[in-house]
Amino acid sequence: METSGSGDGGAVEEKKKGKHKGKHDKPKPWDDDPNIDHWKVEKFDPSWNEGGMLEVSSFSTLFPQYREKYLQEVWPNVKRALSEYGISGELNLVEGSMTVSTTRKTRDPFIIVKARDLIKLLSRSVPAPQALKILNDEMQCDVIKIGNLTRNKERFVKRRQRLIGPNSSTLKAIEILTGCYVLVQGNTVAAMGSFKGLKQVRRIVEDCIQNVQHPIYHIKTLLMKRELAKNPALANESWDRFLPNFKKKNVKQKKAAPKEKKPYTPFPPPQQPSKIDLQLESGEYFLSEQKKSAKTWREKQEKQAEKAAENKRKRDAAFVPPKETLKDTPESSKAQGEDVIALAKSLKKKTKEFGSHSESKNINPESYIAESGEKPAKKKSKKNRT
């Protein structure tokens, strides 16, 4: 009995000593406090680290040669902004590098990482006024490498232009909807903003370069999400039923015409004659320099004359009158006039015949017989009139 009792006690002790998940996950008094915003990034107070930094931390980066002149102009402003946080900056034009390091006045331990991001953005063609905003606590940056996502250079350039859009309209829409600053430069895309916005920008850029989805579809989805966020009734519901589902369509491309295979010959093609060989054949090789220059000048004049004649022919072609149609020719118009006259004559003749026919119907025979017995009146002669 003793042995069994001692064994049970040992097992209980082992359970007490053993580790279990959530051992220290006890409720804290500030967990349920509504006055505390757990997601808020508080501004650093120098009183939190009065002793400063124990070790010197430094970062350096290279910059391209075309950025040298611009960096030389803006470096005093950059150095002044870094000195406010206790960071020293150095611009080395011989090696083409920028270096930032902590000093005795540095209090914020994370500011050296922000300074590293600053020189990285400056080397990637981000303007200095925009790059200096990275020193703020709420601003983050992300450099997206897009050069190795596609192998074909032509496709890469076309997809990168697709990301920018006509007159940078697509890029501006992405900046407005994500709340980030985006700069497409060479083989990289530099973005500045909040963590949420940077995540959206990275997804849009990678999908565009990998040809997964066009940026315009991402823009439409972000617009719908913005409208749905305004409705408080849908705050705790899934938005999948409202968001569009864009399906990728495979457009059939025209097949290239198959090339005709030439018959295989094991022998190499004959060697083409060189320029000197051609000159030897034509006899030009043995001509003097004066005759050669005269010949070239003559050929040049002939080409110019041919070109001038061709240009004159093209200019004169604009003044050639168009061919007249059958209706517009004078012969056709004359024939038409004759047809009209003939038609008018025939109509006149028909009206006369019709009038004489109607008059013959209305003749009174009695009056005709009575008048026939009387002698016709004599006509007055010209002499009597006088």
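Everything below is about the structure shown above.
Since the model is a prediction, treat every value here as computed from it, not as a measurement.

Cut-offs and rules
- Residues numbered from 1 in each chain as written.
- Predicted model: local features only at pLDDT ≥ 70, side-chain atom pairs only at ≥ 80, totals over all residues.
- Heavy atoms only, no water.
- Helix = DSSP H or I, 4+ residues; strand = E, 2+ residues; numbered from the N terminus.
- Expected span 1.5 Å × (residues − 1).
- Buried < 20%, exposed > 50% of the residue type's maximum accessible area, 1.4 Å probe, protein only.
- Pairing = 2+ DSSP bridges.
- Axes fitted to C-alpha atoms, helices over the stretch in contact; angles between N-to-C directions.
- Contact = heavy atoms within 4.5 Å.
- 1 Å grid on protein atoms, 1.4 Å probe; cavity = no way out; pocket = protein on both sides within 12 Å on 5 of 7 lines; lining within 4 Å.
- Points joined across faces, edges and corners; volume = space filled by probe spheres on them.
- Nonpolar A, V, L, I, M, F, W, Y, C, P; charged D, E, K, R; others polar.
- Parallel < 35°, antiparallel > 145°, perpendicular 65-115°, else oblique.
- Left-handed = near helix turned anticlockwise from the far one by under 90°.
- Salt bridge = Lys/Arg side-chain N within 4 Å of Asp/Glu carboxyl O.

Looking at helix α7 (residues 195-209)
Piece 1. For α7, spanning 15 residues, the distance from its first C-alpha to its last is 21 Å, which sits close to the expected 21 Å at 1.5 Å a residue.
Piece 2. Listed as buried for α7 are Gly197, Leu198, Val201, Ile204, Val205, Asp207, Cys208 and Ile209.
Piece 3. In the stretch just after α7, asparagine 211 is the one whose phi turns positive, near 60°.

A closer look at the pairing of strand β6 (residues 188-193)
Piece 1. Taken across its six residues, β6 has six buried, putting it largely inside the fold.
Piece 2. A two-sided burial pattern is seen for β6, the buried positions comprising Thr188, Ala190 and Met192 on one face and Val189, Ala191 and Gly193 on the other.
Piece 3. As paired strands, strand β4 (residues 140-145) and β6 are joined by six bridges and run antiparallel to one another. Bridge pairing links aspartate 142 to alanine 191 in β6.
Piece 4. Note that strand β5 (residues 181-185) and β6 share five bridges and pair antiparallel. Bridging across to β6, valine 184 finds its partner in valine 189.

Side note on the sheet that holds β4
Piece 1. Read across the sheet, three strands follow the order β4-β6-β5 without closing on themselves; strand pairing throughout is antiparallel. Each edge of the sheet is formed by a strand with only one pairing partner; in this case those strands are β4 and β5. Taken over all neighbouring pairs, the strand axes of this sheet differ in orientation by 15° on average, direction set aside.
Piece 2. Packing of α7 onto the sheet brings it into contact with β4, β5 and β6, and relative to β4 it is tilted by some 10°.

A look at the layout of surface pockets
Piece 1. As a volume, the largest pocket reaches approximately 550 Å³.
Piece 2. Approximately 410 Å³ is the volume found for the second largest pocket.
Piece 3. Of all elements in the fold, only α7 and α8 (215-229) reach the threshold of two or more residues within the lining of the second largest pocket.
Piece 4. Looking at the lining of the second largest pocket residue by residue, the class counts come to six nonpolar, four polar and six charged.

Things to note about the packing of helix α2 (residues 68-83) against helix α3 (residues 111-123)
Piece 1. Where α2 contacts α3, the axes come no closer than 13 Å and their chain directions differ by 165°. One way to sum up the angle between α2 and α3 is to call them roughly antiparallel. Here α2 and α3 pass one another in a crossing that is right-handed. Contact with α2, carried on its side by Leu71, Val78 and Leu82, involves Ala115, Leu118 and Leu122 of α3 and no other residues of that element.
Piece 2. Among the residues forming the contact of α2 with α3, the class breakdown is six nonpolar, no polar and no charged.

Topic: the sheet that holds strand β2 (residues 87-92)
Piece 1. Reading across from one edge, β1-β3-β2 is the order of the three strands in this open sheet, with antiparallel pairing throughout. One side of each edge strand has no neighbouring strand; the edge strands of this open sheet are β1 (58-62) and β2. Averaged over all pairs of adjacent strands, the angle between their axes in this sheet comes to 15°, without regard to strand direction.
Piece 2. With respect to the sheet, α2 is in contact with β2 and β3 (97-102), its orientation differing from that of β2 by roughly 165°.
Piece 3. On top of the sheet, α3 reaches β1, β2 and β3; it is set at about 170° to β3, its chief contact.

Regarding the pattern of salt bridges
Piece 1. Overall, the coordinates contain eight salt bridges when judged by the stated rule.
Piece 2. Across the salt bridge formed by aspartate 117 and arginine 116, the nearest N and O atoms sit 3.3 Å from each other.
Piece 3. By relative accessible area, arginine 116 is classed as partly exposed at 29%.
Piece 4. Between arginine 313 and glutamate 310 there is a salt bridge whose closest N-O contact spans 2.6 Å.

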